[in-house]
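Spelled out, the chains give:
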Amino acid sequence: MRPGFADDYQLACAIELASGWTVHMHELCQWMTYSGLFDEPPTSELNDSIIRDARNRARSRGWNVGTPHLIEPARKRQVEPPGFDPPGFEWLPAVTCICGLEAPRSTRDDDLDLSVLTLIWFQDEYALPIQEDVATAIHLLDWDRLATNIRL
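The sections below set out a description of the structure shown in this document.

Definitions and limits used
- Residues numbered from 1 in each chain as written.
- Predicted model: local features only at pLDDT ≥ 70, side-chain atom pairs only at ≥ 80, totals over all residues.
- Heavy atoms only, no water.
- Helix = DSSP H or I, 4+ residues; strand = E, 2+ residues; numbered from the N terminus.
- Disulfide = S-S within 2.5 Å.
- Buried < 20%, exposed > 50% of the residue type's maximum accessible area, 1.4 Å probe, protein only.
- Polar contact = N/O pair within 3.5 Å; in protein donor to acceptor, adjacent residues only side chain to side chain.
- Contact = heavy atoms within 4.5 Å.
- Expected span 1.5 Å × (residues − 1).
- Arc of directions from axis to C-beta.
- Phe/Tyr/Trp six-rings, centres within 6.5 Å; stacked < 30°, edge-to-face > 60°.
- Lys NZ or Arg CZ within 6 Å of the ring centre and 35° of its normal.
- Salt bridge = Lys/Arg side-chain N within 4 Å of Asp/Glu carboxyl O.

### Here's the deal with the environment of Asp48
Mapped onto the fold, Asp48 is located in helix H1 (residues 44-60). With 44 residues separating them in the primary sequence, Asp48 and Leu92 have C-alpha atoms 9.8 Å apart.

### Side note on the state of the cysteines
Taken as a whole, this structure holds 0 disulfides when the rule is applied. In this structure Cys29 is not part of a disulfide, and its nearest cysteine sulfur, from Cys97, lies 8.8 Å away. For Cys29, a relative accessible area of 14% puts it in the buried group. The thiol of Cys97 is unpaired, and the distance to the nearest cysteine sulfur, on Cys99, comes to 8.4 Å.

### Section: the side chain of Glu90
Residue position: Glu90 is located in strand S6 (residues 90-91). The class for Glu90 is buried, based on a relative accessible area of 1%. Here Arg75 takes part through its side chain, which lies 2.8 Å from a polar atom of the side chain of Glu90. In this structure, Glu90 is in contact with Tyr34, Pro42, Thr43, Ser44, Asn47, Arg75, Lys76 and Arg77, ignoring residues within four places of it in sequence.

### Digging into H1
Over its 17 residues, H1 extends 24 Å from the first C-alpha to the last, a length consistent with the 24 Å expected when each residue adds 1.5 Å. Buried within H1 are the following residues: Leu46, Asn47, Ile50, Ile51, Ala54 and Ala58. Each buried residue of H1 sits inside an arc of 140° when the element is viewed along its axis, so together they form one side. Opposite the packed face of H1, turned more than 90 degrees from it, sit the exposed residues Glu45 and Ser60.

### Re the packing of aromatic side chains
To describe a pair of aromatic rings, you give the distance between the ring centres and the angle between the ring planes. Applying the stated rule across the entire model yields 2 aromatic pairs. When the centroid spacing of 5.6 Å and the interplanar angle of 85° are considered together, the rings of Tyr34 and Trp91 count as edge-to-face. Taken together, the positions of Tyr34 in the loop between strand S3 (22-32) and H1 and Trp91 in strand S6 put the pair 57 residues apart, joining distant regions of the chain. The ring of Trp31 has Arg57 sitting right over it, with the charged end atom 3.6 Å from the ring centre.

### With respect to unusual backbone geometry
Cis rather than trans, the peptide bond between Ala127 and Leu128 has omega equal to 10°. Inspection of the secondary structure puts Leu128 in the loop between strand S8 (114-123) and helix H2 (132-139).

### Points about the pattern of salt bridges
The tally for this structure, following the rule as stated, stands at 4 salt bridges. A salt bridge links Glu90 to Arg75; the nearest nitrogen and oxygen atoms lie 2.8 Å apart. You can see Glu90 sitting in strand S6 and its partner Arg75 sitting in the loop between strand S4 (69-70) and strand S5 (76-77), a full 15 residues away along the chain. Residue Arg75 is classed as partly exposed on the basis of its relative accessible area of 28%.

Below, the structure written as structure tokens:
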């Protein structure tokens, strides 16, 4: 998916959601998922740690407020013959992505100005474009439930 550009919103990347919301991507950060991990084979435990670290990184960046939302990544398992040691590896997609999304109005409270959400996902290559399965998940986001409302 290639986000469009909205002329009326300072040329921000605009993403149309199935719920009718138009949200704008104001920041996108990406890095190689296994960057710097040369000594450990990728296992489910390591991948859980990578996902926790991505959530912490999203929080520590100060993007938005509220809880970052993770689009659950596909985990690819390498199957080994019985008795093989170590047990099979598990791979996450190669690139970790975190973005800040905002909509120019509140979801629930007319006294607040914006609704915002930090989104985390994994995909096989650097974005943009956003990988098709991830783009579908973004399109189906429940903005009313996930976004946090803020005042400027």
